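Spelled out, the chains give:
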Amino acid sequence: SYFSSLSHVPEVYGLAIQFTLHDILLPPRVILHSDSFDWITSQPSSQSNRPRTVVSCVRLQESMTQEYTEEWYIDNAWDSIQHLFNLSPSHTQESYEPQCIRQVGPFFPCHRGSRTHRPLPTTPIPNFFLAGPWTATSLPASLESTITSANACAEVVATTFYGFSH
């Protein structure tokens, strides 16, 4: 019954618009958004000696059908990125390799009230702890949420077995 609350969290599908900003290095961040996209992330990439940042705009939908064209999503994502990161108008979206990614698997949304249905790292089962993007964090189910969840789980394990936390 501990996990039955997960059935109250609706499954939605993700649509991401991703840009690679060459020669622009932005700090990693997750921005909860309320317009066309549910959240926007920026992640610096260190694959080359030139700075660059991958920015993703994620929209959660009830189904995989699209309300608008890919171009509409790309234009709206670019407008949001320019506004949120204060990019110069001289930067154009075409030079930043926009791509549309459809996620077939379900997301757990971060809408008001959905956090109450996400499980905590501790469970009623002795010595059974949870970590993952779908556990109770203040972030949407994402890589950042996974890291936050893993840290919370490690704290619980350290406290349980060693009597202290880091």
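How each quantity is defined
- Residues numbered from 1 in each chain as written.
- Predicted model: local features only at pLDDT ≥ 70, side-chain atom pairs only at ≥ 80, totals over all residues.
- Heavy atoms only, no water.
- Patch = residues over 30% accessible without salt bridge, like charges linked within 9 Å, V, L, I, M, F, W, Y side chains within 5 Å.
- Areas by Shrake-Rupley, 256 points an atom, 1.4 Å probe, with all protein chains shown as cover.
- Salt bridge = Lys/Arg side-chain N within 4 Å of Asp/Glu carboxyl O.
- Lys, Arg positive; Asp, Glu negative; His and termini not counted.
- Charge placed at Lys NZ, Arg CZ, Asp CG, Glu CD.
- Helix = DSSP H or I, 4+ residues; strand = E, 2+ residues; numbered from the N terminus.
- Expected span 1.5 Å × (residues − 1).
- Buried < 20%, exposed > 50% of the residue type's maximum accessible area, 1.4 Å probe, protein only.
- Contact = heavy atoms within 4.5 Å.
- Polar contact = N/O pair within 3.5 Å; in protein donor to acceptor, adjacent residues only side chain to side chain.
- Phe/Tyr/Trp six-rings, centres within 6.5 Å; stacked < 30°, edge-to-face > 60°.
- Core = buried A, V, L, I, M, F, W, Y, C linked by side-chain atoms within 4.5 Å.
- Pairing = 2+ DSSP bridges.

A. Quick look at a negative patch on the surface. Taken together, the side chains of Glu71, Asp75, Asp79 and Glu94 define an acidic patch exposed on the protein surface. Tracing the backbone shows Glu71 in helix α1 (residues 70-85).

B. Layout of α1. For α1, which comprises 16 residues, the first-to-last C-alpha distance of 22 Å matches the rise-based estimate of 22 Å (1.5 Å per residue) to within 8%. For α1, the complete set of buried residues consists of Tyr73, Ile74, Asn76, Ala77, Trp78, Ser80, Ile81 and Phe85. Along its buried surface, α1 packs onto β1 (12-22), β2 (29-32), β3 (39-45) and β4 (52-61).

C. Expanded view of the side chain of Arg59. Here Arg59 lies in strand β4. At 2.8 Å, the side chain of Arg59 and the backbone oxygen of Ser36 are in polar contact. When sequence neighbours within four positions are dropped, the list of residues in contact with Arg59 reads Tyr13, Gly14, Leu15, Ser36, Phe37, Asp38, Glu67 and Tyr73.

D. Up close: the packing of aromatic side chains. Tallying each qualifying case throughout the model produces 6 aromatic pairs. The interplanar angle of 20° and the centroid separation of 3.8 Å between the aromatic rings of Tyr68 and Trp72 together place this pair among those described as stacked. Taking 6.1 Å as the distance between ring centres and 70° as the angle between the ring planes, the aromatic pair formed by Phe129 and Phe161 counts as edge-to-face. Taken together, the positions of Phe129 in the loop between β5 (99-107) and α2 (143-162) and Phe161 in helix α2 put the pair 32 residues apart, joining distant regions of the chain. Three or more aromatic residues joined by ring pairs form one cluster here, namely Phe19, Trp78 and Tyr96.

E. Representation of α2 within the structure. Helix length check: α2 (20 residues) gives 28 Å between terminal C-alpha atoms against 28 Å at 1.5 Å per residue, within 8%. All of the buried residues along α2 are Ser145, Ser149, Cys153, Val156 and Ala158. Positive phi appears at Gly163, one or two residues downstream of α2, with a value of about 75°.

F. Layout of the nonpolar core. Within the largest apolar cluster, 20 residues are counted, with the highest numbers of intra-cluster contacts made by Ile17, Phe19, Leu21, Ile81 and Phe85. Those elements giving two or more residues to this core turn out to be β1, β4 and α1. Looking at which element gives the most residues to this core, the answer is α1, with 6 residues. With residues up to four places along the chain from it excluded, the contact list for Phe85 reads Leu26, Arg29, Ile31, Ile40, Ser42 and Val55.

G. Inspection of the pairing of β3 at higher detail. Most of β3 sits out of view: 5 of its 7 residues are buried. In terms of strand pairing, β3 meets β4 through 7 bridges, oriented antiparallel. Paired with Pro44 across the two strands is Thr53, which belongs to β4.

H. Molecular detail of the environment of Thr159. Within the fold, Thr159 resides in helix α2. Overall, the relative accessible area of 42% leaves Thr159 in the partly exposed class. Engagement of the side chain of Thr159 in a polar contact is seen with the backbone oxygen of Glu155, the distance being 2.9 Å.

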